[in-house]
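Residue strings, one per chain:
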Amino acid sequence: MDRTTCPADQPREACGLFGIYNVPDPAPIIYSGLFALQHRGQEGAGMAVSDGQRVRQFKGLGLVSQVFGPGTLDSLIGNLGIGHVRYSTTGSSRIQNVQPIVVECVDGVWAIAHNGNLVNAQALRQSYQEAGAIFQTSTDSEVLVHLLADPMFRTRPRRVARALGELRGAFAFLIMTRDCVMAARDPYGFKPLSIGRLGEGFVFASETCALNQVGAEFVRDVEPGELVVADASGLHSSVFAEAPASGRGGQCIFESVYFARPDSRVFGLNVHAVRLQFGERLADEHPVAADLVTSVPDSGNSAAMGFSRRSGIPLDYGFIRNHYVGRTFIMPEQAQRTSSVDMKLAVVADVVRGKRVVVVDDSIVRGTTARRRVAALREAGAREVHVRISCPPIMHPCYFGIDFATREELIAARRTVEEIRAYIGADSLGYLSIEGLLAPFGGEAAKNFCQACFSGDYALDVSRMEGKQALESGALLLNLDGGGPERP
Ligand code: SF4
């Protein structure tokens, strides 16, 4: 499967991270943390646990609850560990790509778990391969292992910081040795990563919902460009990369729009509260006379509530979600995706019949799902259907770990708002403005956030950004699967 045969109709995240240090029996806690982060990746899960001497790992394809059985957790003995849930853009059935990646270097075991996308991974990989290195996975994440093992970094002080400093792009990393856990975010801060306190120990998680799940107290976020080390002497912080000279940050605004759980605190604000404001602002920017507001559950719920509150139009359940069907984008095959879209949302006909309905959703990627939902509302008897989207039109691809689709597949890259309205069959269509999107974070917020998928203004040079695509291209997978490059 590749990007062209599996276009996304919703944005797709790549991973969730959870780490823990100095807590007895960490495996069940990591399990709970990963369970809380399941929405960030559903195709694979893994964890590595250390007792200070030995590192044990277990990983598999599927949901957290499918990968880890009780016997598995019992075998993961220790007092520190890291875990990972993965959504992969391609190579989805490859167990090798499930993280943490655990390797034995000349000086011991290292385990790494990554959320994001490295824009210079392909170049780094090629240079190591030309020098004779062998890669186990088709992920961009693995280059960090090779940097850590490289004598150029291994034999120098601040080895991890120097290795991280070689990476370009979006990353939150958890790194574990036999006796410590490290956490780092790239200098732009694309991906969220928080620190919590649990008893005498420390916890790291992509989202604070995972801290809450395990009873940890939120301490603070890992700062962009910061390396935090939890070891026997406590928590230590250092800067591995200075803030970008441009003064720009890269916090992914899509975490607040779609990915993060509403009960999480991301980039300093509660996600539900931010989405409420998106909805209020949307009502101001695109008012409409209507009888009811409904959300596309679940990610549209908070914004729909905000729209309803501001407009005074009652909120009701126009759609009911079948919670026993996973998010559509996790389905690896197009056929599965198509049928699961139909299966996961049902229209409540008695609610919408004869009504002028405002439907609030988080985004439109290709437009096919929005079109189907508008049609379903009309078939159920809705008199008018007005679509409101709690982000601006997505016109550009993301190179930083969110797999929307190629530019050709993005409907807003090819059509005007009016043309999209006509395509999806709505009576009106309104998108939140970029100003409205950033408003909850305050006036200075714009420079701290990435909004490139809306504006095309990338914080990093992506002109040679073929990394993820090239790394996970069908050709490379064939090589890794045994085809191999031609030999002389
Ligand atoms: S391009 Fe969009 S999805 Fe990607 S990091 Fe930037 S804001 Fe997030």
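Remember, it's a predicted structure, so these values are computed and weren't measured experimentally. (Residues numbered from 1 in each chain as written. Predicted model: local features only at pLDDT ≥ 70, side-chain atom pairs only at ≥ 80, totals over all residues. Heavy atoms only, no water.)

J.: Sorry if this is basic, but what is going on with the overall build of the chain here?
T.: Assigned secondary structure in the chain consists of 20 helices and 23 strands. Out of the 488 residues belonging to the chain, those deemed buried represent 60%. Long-range contacts, defined as pairs at least 24 residues apart, comprise 71% of the intrachain contacts of the chain with a sequence gap of at least 6. (Helix = DSSP H or I, 4+ residues; strand = E, 2+ residues; numbered from the N terminus. Buried < 20%, exposed > 50% of the residue type's maximum accessible area, 1.4 Å probe, protein only. Contact = heavy atoms within 4.5 Å.)

J.: How should the packing of aromatic side chains be read in this particular structure?
T.: Between two aromatic rings, the relevant description is the distance of the centres plus the angle of the planes. Tallying each qualifying case throughout the model produces 14 aromatic pairs. Both rings, one in phenylalanine 400 and one in tyrosine 458, keep their centres 6.1 Å apart while their planes meet at 65 degrees; by these two values the pair is edge-to-face. Taken together, the residues span a long stretch of sequence, with phenylalanine 400 in the loop between strand E21 (384–389) and helix H15 (411–414) and tyrosine 458 in the loop between helix H18 (452–455) and helix H19 (467–471) at a distance of 58 residues. Both residues of the pair, phenylalanine 400 and tyrosine 458, belong to the buried class. Through a chain of ring-to-ring contacts, three or more aromatic side chains come together here, namely Tyr188, Phe190, Tyr399, Phe400 and Tyr458. (Phe/Tyr/Trp six-rings, centres within 6.5 Å; stacked < 30°, edge-to-face > 60°.)

J.: Could you clarify how one ought to interpret the sheet that holds E21 in this entry?
T.: The strands that make up a sheet pair up through hydrogen bonds in the backbone, lying either parallel or antiparallel. Spatial strand order, E17-E20-E21-E22: four strands in an open sheet with parallel pairing. Two strands in the sheet have a free side with no partner beyond their single neighbour: strand E17 (292–295) and strand E22 (428–431). Within the sheet, the average angular offset between the axes of one strand and its neighbour, ignoring direction, is 20 degrees. Sheet topology note: the E17/strand E20 (residues 356–361) ladder contains four bridges and is parallel. Its bridge partner being in E20, valine 293 is matched across the sheet by valine 358. The sheet strands contacting helix H10 (residues 271–285) are E20, E21 and E22, and the helix crosses E22 at an angle near 125 degrees. Where helix H16 (residues 417–424) meets the sheet, its contacts fall on E21 and E22, and the angle it forms with E22 comes to roughly 130 degrees. (Pairing = 2+ DSSP bridges. Axes fitted to C-alpha atoms, helices over the stretch in contact; angles between N-to-C directions.)

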